[in-house]
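One-letter residues, chain by chain:
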Amino acid sequence: LINMTLNFTRRTILSGIFFGTINYKLSSSCPTTPYQPKGPFFKATNLPNNIDLTNNGKAQGEIVKIEGKVIDNLCKPHSNCHIKIWQANKHGKYNHENDFSLNRKDKNFLGYSFIKTDNNGFYKFITIIPGSYKISKKIIRPPHIHLYLRTKDNKTLSTQLYFKGHKNNAQDFLYRRVKNKHLIEIETKKNNSDKYLSSNFNIVL
C-alpha cells in the first residue's frame, strides 16, 4: 500500500510538471496577425526611410503615433524586420500614380515609408488617420493602414490596420472576412504627455 501511494504521488507530480509545462507554452503563444491584401497602390521600391510620414507635422489630418513589437507565434521578437507602410491621406487619396480618384492631394503627406525593427523587435512610426474613400458607388473603404513585413528568415505578411469603432468598418468586405477582428484593430488614445494620439499594436508572424 505504501509503495502504491508513493508511485501514485510520483505520477501525480510528474503529470503536473508535464501538463503545467504544456499549459505554460500554450499561454505563451501569440495569435498570428491576419492576412489582408496589398491592394492596387503597393510600391515595392524607392520608399523613403522615415518614421514620420507627416513631414514634421505639416500634413493635414489628425496625427497618430503607432508603435509596438513584431514577434513570432511564441511571442519572441523579430529583430531587423523590414516593414513597408502605405496609406491614403486625410482626404482618402494615395500618393500613387494609379490613384485616379478626384480626392484632394496633400503635398506634405508622404503616404509611403520603409522602417526596420530594432534588436528587440520594436517599431514605431508617426502618421495621420487616413480618410475613407469610395471604390464603387456602393463600397466605401474605412480608414486603414497597409503594412508589408519581411523577417530576417524571409517570413512575410501583408496586412491592414483598422481603427477600432469606425462607422465604416462593419460594412467593409475585407474587414468582415476576419474572424478575430481585434487582431487587425488599433485603438488610439491621447496621453497628457503626448501632443498627438498614440496606439500600441503588436504584429505577429
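Residues numbered from 1 in each chain as written. Predicted model: local features only at pLDDT ≥ 70, side-chain atom pairs only at ≥ 80, totals over all residues. Heavy atoms only, no water.

## Let's talk about the overall build of the protein chain
In terms of regular secondary structure, the protein chain is built from 1 helix and 11 strands. Helices and strands appear in the protein chain in the N-to-C order α-β-β-β-β-β-β-β-β-β-β-β. The burial tally for the protein chain puts 42% of its 205 residues in the buried class. In the form shown here, the protein chain has an accessible surface area of approximately 12,400 Å², with 52% of it arising from carbon and sulfur atoms. (Helix = DSSP H or I, 4+ residues; strand = E, 2+ residues; numbered from the N terminus. Buried < 20%, exposed > 50% of the residue type's maximum accessible area, 1.4 Å probe, protein only. Areas by Shrake-Rupley, 256 points an atom, 1.4 Å probe, with all protein chains shown as cover.)

## Brief notes about the state of the cysteines
Summed over all chains, the structure comprises 1 disulfide. Note that Cys-30 is cross-linked by a disulfide to Cys-75, the S-S spacing being 1.9 Å. Across the S-S bond of Cys-30 and Cys-75 the torsion is about 110°, and the bridge reads as right-handed. Of this pair, Cys-30 sits in the loop between α1 (2-27) and β1 (63-71) while Cys-75 sits in the loop between β1 and β2 (82-87); the two residues are 45 residues apart in sequence, bridging distant segments of the chain. Among the residues examined, Cys-30 registers a relative accessible area of 17% and is labelled buried. When its relative accessible area of 31% is taken as the criterion, Cys-75 is described as partly exposed. (Disulfide = S-S within 2.5 Å.)

## Section: the side chain of His-78
Locating His-78 in the fold gives a position in the loop between β1 and β2. At a separation of 3.0 Å, a polar atom in the side chain of His-78 contacts the main-chain carbonyl oxygen of Leu-205. Filtering out sequence-adjacent residues up to four positions away, His-78 remains in contact with Val-70, Ile-71, Asp-72, Thr-117, Asp-118, Gly-121, Thr-151, Asp-153 and Leu-205. (Polar contact = N/O pair within 3.5 Å; in protein donor to acceptor, adjacent residues only side chain to side chain. Contact = heavy atoms within 4.5 Å.)

## Thoughts on the sheet that holds strand β7 (residues 144-150)
A sheet is described by the order of its strands in space; here 5 strands give the open sequence β3-β2-β7-β8-β9, paired in mixed fashion. Here the strands that pair on one side only, and so sit at the sheet edges, are β3 (112-116) and β9 (185-186). (Pairing = 2+ DSSP bridges.)

## Here we look at the pattern of salt bridges
Under the defined criterion, the tally for this structure stands at 3 salt bridges. Between Asp-172 and Arg-141 there is a salt bridge, and its shortest N-O distance comes to 2.8 Å. Of this pair, Asp-172 sits in the loop between β8 (156-163) and β9 while Arg-141 sits in strand β6 (residues 140-141), placing them 31 residues apart in sequence. According to the relative accessible area criterion, Arg-141 is buried, its value standing at 5%. (Salt bridge = Lys/Arg side-chain N within 4 Å of Asp/Glu carboxyl O.)

## Points about the pairing of β8
Burial within β8 is extensive, with 7 of its 8 residues counted as buried. As defined by bridge partners, β7 adjoins β8 across 7 bridges and the pair is classed as antiparallel. Bridging across to β8, His-144 finds its partner in Tyr-162. Counting the residues that bridge the hairpin from β7 to β8 gives 5 residues, and of these Asn-154 lies at a positive phi of roughly 65°. Examined bridge by bridge, β8 and β9 share 2 bridges and lie parallel to one another. Bridging from a neighbouring strand, Tyr-162 pairs with Glu-185 of β9.

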